[in-house]
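Architecture at a glance
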Amino acid sequence: MVVDTDSSSSPAPEAPRRWPARVFDRGEDPDPRFSLANERTFLAWIRTSLALFAAGIALEALNLPVAPGLRRAAAVVLIVLGAAAPVQAWIGWLRTEAALRLGRSLPPPALALPLGVALAVVGVLVLIGLLR
Amino acid sequence: MTGGASSRWPVPRRPARPVPGQTTGGDGGLQVERTLLAWRRTTAAVLVAGAGGVRLLTPLLGDWAWLVVTPPLGVLVIAAAGRAGALRRRLAGPLRPVPPWPGRLAVVAGLACLTGLAMAAAVLIRIPAG
């Protein structure tokens with residue numbers, strides 16, 4: 001049996017489409033180091049999310065000596081941030097991977113500033129709650 | 001003293017010549033190893049969070065705490081183990097492209113969000129604000 005391996009006589013096999021198409025249908029595969037760094041950033045956001053959820057839940061569940069209303073407010077802020085962090089992780093990974101494939105400059109993390117401001121607010125709430 | 005074979009100190013190897021389709025840097029293996037360790041750190045953090053979650057939720061939910069925490073964490077750990085295994089297999093040899101697994105990343109992000117919200121909701125509902 002003879003197998004025709006001449007690529008000029010038959011069309012090249014099309015590479016399987018990868019999901020999500022809006023990232024992988026554009027540009028070309030970047031240096032693997034950059035993709036791996038992007039993946040590590042994704043994981044760092046996931047760990048940040050876990051820490052934020054843990055802080056919010058612990059604030060309520062451990063019955064800390066903080067004024068209850070302020071304690072609840074601080075916990076809710078932390079939990080909302082904890083829920084937003086995986087969204088940032090996923091969207092940030094998509095945007096960064098797309099930018100890498102297209103050779104564009106990297107997008108800034110959209111949640112960085114809100115996260116910093118909200119953590120400062122939580123710190124102030126807990127401090128006031130402790131002093132009351 | 002030269003850096004030859006008789007040297008007491010290990011001499012760093014020169015990076016290999018660039019090969020098309022491969023990284024041009026000399027730390028290709030370290031990149032894979034770093035990412036592998038990042039997955040393991042995340043898995044450890046997930047397990048610790050799960051254990052803490054069960055501990056905190058058991059007084060509030062009873063045996064339901066296990067049901068809230070265990071299935072999503074199991075999926076998370078399986079997803080992480082699969083990716084870590086793929087990376088571990090790339091550790092030997094030069095760095096070849098390691099295709100990202102966006103579906104797995106989406107599952108990890110979604111489950112982290114939903115599990116955290118479920119645990120938080122249980123705590124906030126069961127513990128009165130006042």
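In this numbering scheme, every chain counts its residues from 1 along its sequence in written order. For this description, chains carry letters from A and ligands carry numbers from 1, given in the order in which they are written. The model is predicted, so local features are restricted to residues of pLDDT at least 70 and side-chain atom pairs to those at 80 or more, both for listing and for counting; the totals for chains, interfaces and linings are taken over all residues.

Brief notes about the overall build of chain A
A tally of regular secondary structure across chain A gives four helices and zero strands. Helix numbers and strand numbers start at the N terminus; a helix is a DSSP run of H or I with at least 4 residues, a strand a run of E with at least 2. Of the regular secondary structure in chain A, the N- to C-terminal order runs α-α-α-α. Exposure is read from a count of other C-beta atoms within 10 Å of each residue's own; the residue is exposed at 12 or fewer, buried at 20 or more and partly exposed in between. C-beta atoms are placed from the backbone. When each of the 132 residues of chain A is scored for burial, the buried share is 33%. The long-range share in chain A, meaning contacts at least 24 apart out of those at least 6 apart in sequence, stands at 73%. What counts as a contact is two residues whose backbone-derived C-beta atoms lie within 7 Å of each other.

Focus: the overall build of chain B
If you tally the helices and strands in chain B, you get three helices and zero strands. The buried share of chain B, reckoned over its 130 residues, is 29%. Considering only intrachain contacts with a sequence separation of at least 6, the fraction spanning at least 24 residues in chain B is 72%.

A few points about the environment of V121 of chain A
Among the secondary structure elements, V121 of chain A is positioned in helix α4 (residues 112-131). Between the C-alpha atoms of V121 of chain A and V77 of chain A, which are 44 residues apart in sequence, the distance is 8.6 Å.

Concerning the confidence of the model for chain B
Note on scores: pLDDT gives the predictor's confidence for each residue, bounded by 0 and 100. Mean pLDDT for chain B: 78, with 72% of residues reaching 70 or above. Segment residues 1-5 of chain B: pLDDT under 50, and two contacts once partners within four positions in sequence are set aside and those in other chains are kept.

Remarks on helix α3 (residues 68-102) of chain A
To estimate the expected span of a helix, count its residues, drop one, and scale the result by 1.5 Å. End to end, α3 of chain A covers 50 Å across 35 residues, agreeing with the expected 51 Å (1.5 Å per residue, within 8%). At the C-terminal side of α3 of chain A, G103 of chain A shows a positive phi close to 70°.

Some details on the packing of helix α2 (residues 32-61) of chain A against α3 of chain A
If you want to describe how two helices pack, look at the angle between their axes and the distance between the axes. Residue and element names in this part refer to chain A. The axes used here are C-alpha line fits, helices contributing only the stretch in contact, and every angle between their N-to-C directions lies in the interval 0 to 180 degrees. Their axes nearest at 7 Å, the elements α2 and α3 cross at an angle of 170°. Taken together, the axis directions place α2 and α3 in an arrangement best described as roughly antiparallel. Residues belonging to the contact of α2 with α3 are distributed by class as follows: 18 nonpolar, ten polar and four charged. When an angle is under 35 degrees it counts as roughly parallel; over 145 it counts as roughly antiparallel; between 65 and 115 it counts as roughly perpendicular; any other value is oblique. Under the scheme applied here, ten amino acids are nonpolar (Ala, Val, Leu, Ile, Met, Phe, Trp, Tyr, Cys and Pro), four are charged (Asp, Glu, Lys and Arg), and all others, including Gly, are polar.

Re the environment of R88 of chain B
Along the polypeptide, R88 of chain B turns up in helix α2 (residues 64-90). Once the C-alpha coordinates of R88 of chain B and A121 of chain B are considered, the two residues, 33 residues apart in sequence, prove to be 37 Å apart.

Some details on the interface of chain B and chain A
Counting from both sides, the interface comprises 36 residues of chain B and, opposite them, 34 residues of chain A. Secondary structure elements with two or more residues in the side of chain B that touches chain A: α1 (28-61) and α3 (102-126) of chain B. A per-element tally of the side of chain B that touches chain A places α3 of chain B first, with 14 residues. Looking at the side of chain B that touches chain A residue by residue, the classes come out as 25 nonpolar, nine polar and two charged.

Some thoughts on unusual backbone geometry
Residue and element names in this part refer to chain A. Between W19 and P20 the backbone carries a cis peptide bond, its omega angle lying at -5°. Positioned with a positive phi, N63 is a non-glycine residue whose angle comes to about 55°. Following the sequence through the fold, N63 ends up in the loop between α2 and α3.

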